[in-house]
Amino acid sequence: MASEAENRKSFAIQAGYCAAMDAPITARICTALGQGITRASETGRRVLDWPGEPVADALVLRLVGGLHALHRRGVPELRRIFTGEETDLGRIGAALDAVLSAYDLPLMPWLYGPPQTNEAARSNGLMTGLLHLATRYGPRFELLEIGSSAGLNLMLGRYRFDLDGVAVGPTESPLVLRPDWRGSPPPAAPVEIVSARGVDIAPLDLTDDRDADRLQAYVWVDAVERQVRLETAIAMLRAAPVRLERGDAAEWLEARLGEPQPAGVTRVLLHSVVWQYLRPEAQARIAAMMEAAGAAATLERPLGWVMMEPNRDLAVQEVRVRGWPGDTPMELVARTHAHGAWVEGLAPPYDTTPYVMRAA
């Protein structure tokens with residue numbers, strides 16, 4: 001169990017991540033909360049007595065998401081704070097603590113589960129990984145995504161990408177993803193998404209206004225471009241819903257890996273900012289399943305693994321790729337902004353150090 005001091009410190013840590021990702025208003029809110037939160041509310045008591053690991057549990061983002069939802073609903077006490085008009089940390093901290101007391105009942109459920117910051121532009125990093133697999137095994141892919149949240153990355157085949165001049169996806173797509181590209185260019189290869197399915201322990205249904213509002217509340221108030229992109233992605237999903245199920249990631253993946261695989265199609269496990277939320281035994285089970293399935297993979301029916309997971313030391317996401325058949329370990333091929341604003345392509349030889357979510 002973390003101490004109150006450790007739980008308060010997690011607000012400063014999250015403020016640093018927000019500042020690094022050009023979100024000064026949200027960074028200020030995090031800082032003020034860490035300093036001003038008290039035990040006057042049940043929400044405050046639960047935060048200060050958080051029993052888990054607050055950074056890995058994304059405790060601060062849970063609470064900030066709830067407060068942003070209240071702001072979006074027009075709670076007047078939050079207007080000047082979330083618009084950035086109020087900048088004094090002491091006044092912000094006191095005002096937010098008062099809001100926790102006044103709105104305890106609607107805020108408490110936001111602490112019950114991790115945030116679902118499903119971001120369509122994370123597909124920039126995931127598509128970069130798929131391009132590496134396409135050069136090895138061909139263009140056709142069957143995607144199996146765990147931790148899909150609302151399923152925005154399941155529409156990866158519907159987005160148009162411009163990755164350092166490498167164009168992928170339908171030209172008529174209403175959503176064009178063009179990240180700032182740094183470093184080595186990605187492989188230039190055709191990509192065709194034959195099918196895409198996903199699972200989440202608590203999926204959001206974006207055809208439901210309440211779930212759509214919840215997802216939008218997790219987008220930081222600073223991120224105007226992200227908000228517009230999310231609205232476009234929600235409209236795309238409502239026009240053609242994705243194949244998203246509720247379930248346990250490891251159990252669902254085991255069932256999918258046991259299904260027949262079409263010839264000439266690479267089956268790929270895909271996930272982004274999910275690994276930290278899985279229990280260690282689930283992580284080990286998934287890794288073992290992939291190794292076993294990889295051992296049986298053939299050039300006619302290849303297997304791939306593309307992950308985009310955080311390096312907290314560098315405040316970036318790391319894109320890693322593994323393919324079977326082949327003896328090459330999982331490779332770090334790119335780094336990316338957590339919300340897909342930029343991608344940095346890396347050059348071979350690639351780092352093959354096993355992934356560990358480094359703590360700040």
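What counts, and where the lines are drawn
- Residues numbered from 1 in each chain as written.
- Predicted model: local features only at pLDDT ≥ 70, side-chain atom pairs only at ≥ 80, totals over all residues.
- Heavy atoms only, no water.
- Core = buried A, V, L, I, M, F, W, Y, C linked by side-chain atoms within 4.5 Å.
- Buried < 20%, exposed > 50% of the residue type's maximum accessible area, 1.4 Å probe, protein only.
- Helix = DSSP H or I, 4+ residues; strand = E, 2+ residues; numbered from the N terminus.
- Contact = heavy atoms within 4.5 Å.
- Expected span 1.5 Å × (residues − 1).
- Arc of directions from axis to C-beta.
- Pairing = 2+ DSSP bridges.
- Axes fitted to C-alpha atoms, helices over the stretch in contact; angles between N-to-C directions.
- Salt bridge = Lys/Arg side-chain N within 4 Å of Asp/Glu carboxyl O.
- Polar contact = N/O pair within 3.5 Å; in protein donor to acceptor, adjacent residues only side chain to side chain.

*Asks:* How do you make sense of the nonpolar core when you look at a structure like this?
*Replies:* Core analysis: the biggest nonpolar cluster contains 48 residues, and Leu 130, Leu 152, Tyr 159 and Val 306 have the highest contact counts within it. Considering each element in turn, this core owes the most residues, seven residues, to helix H8 (residues 123-137). Not counting residues up to four positions away in its chain, the partners in contact with Val 306 are Leu 126, Gly 129, Leu 130, Leu 133, Val 268, Leu 269, Leu 270, His 271, Val 319, Arg 320 and Val 321. Judged by nonpolar contacts, the second largest core, of 39 residues, contains Ala 15, Ile 25, Ala 27 and Leu 100.

*Asks:* I keep staring at helix H12 (residues 280-295) and nothing clicks. Help me out?
*Replies:* Turn by turn, an α-helix covers 3.6 residues, leaving residues three or four places apart pointing in a common direction. Compared with an ideal rise of 1.5 Å per residue, which puts 16 residues at 22 Å, H12 spans 23 Å between its outermost C-alpha atoms and is within 8% of the ideal. Of the residues making up H12, those classed as buried are Ala 282, Ile 286, Met 289, Met 290 and Gly 294. Viewed along the axis of H12, the buried residues span an arc of 130°, placing them on a single side of the element. Summarising the geometry of H12, the exposed residues directed more than 90 degrees from the buried face are Pro 280, Glu 281 and Ala 295. Structurally, H12 contributes buried residues whose contacts are with strand S1 (140-146), helix H11 (249-257), strand S8 (266-272), strand S9 (303-311) and strand S10 (316-324).

*Asks:* How do you make sense of the sheet that holds strand S5 (residues 180-183) when you look at a structure like this?
*Replies:* Whether parallel or antiparallel, the strands of a sheet pair through hydrogen bonds between backbone atoms. On the basis of which strands lie adjacent, the open sheet formed by nine strands has the order S5-S12-S11-S10-S9-S8-S1-S6-S7 and mixed pairing. Bordering the open sheet on either side are S5 and strand S7 (243-246), each of which pairs with just one other strand. The sheet shows a mean angle of 20° between the axes of neighbouring strands, direction not considered. Across six bridges, S8 lies against S9 in parallel orientation.

*Asks:* Honestly, the pairing of S1 in this entry has me stumped. Any pointers?
*Replies:* It is a general feature of regular strands that their side chains alternate between the two faces of the sheet. Within S1, six of the seven residues are buried, leaving the element largely enclosed by the surrounding structure. Of the strand pairs in this sheet, S1 and S8 are connected by five bridges, and their pairing is parallel. In the strand pairing of S8, Leu 143 is matched with Val 268.

*Asks:* What exactly am I supposed to notice about the pattern of salt bridges here?
*Replies:* Pairs can form between side chains of opposite charge once their charged atoms are near each other. Applying the stated criterion to the full structure yields 26 salt bridges. Here Arg 136 ties to Glu 331 by a salt bridge, and the two come within 3.1 Å at their closest N and O atoms. Placement of the pair is Arg 136 in helix H8 and Glu 331 in strand S11 (residues 331-336), with a sequence separation of 195 residues. Of the charged contacts, one joins Arg 256 and Glu 259 as a salt bridge, the two residues approaching to 2.9 Å between their closest N and O atoms. With relative accessibility at 12%, the residue Arg 256 sits in the buried group. Residue classification places Glu 259 among the partly exposed residues on the basis of a relative accessible area of 26%.

*Asks:* Quick question: what am I supposed to make of the environment of Gln 283 here?
*Replies:* Topologically, Gln 283 is positioned in helix H12. Between the C-alpha atom of Gln 283 and that of Ala 249, which follows or precedes it by 34 residues, the distance is 9.6 Å. Setting aside residues up to four positions removed in sequence, Gln 283 forms contacts with Trp 275 and Leu 278. From its side chain, Gln 283 meets the backbone oxygen of Leu 278 in a polar contact 3.4 Å long.

*Asks:* When you look at the side chain of Thr 336 in this model, what are you seeing that I'm missing?
*Replies:* With respect to the helices and strands, the residue Thr 336 is situated in strand S11. In this view, Thr 336 contacts Met 308, Val 316, Gln 317, Val 319, Trp 342 and Val 343; residues no more than four positions away in its chain are not counted.

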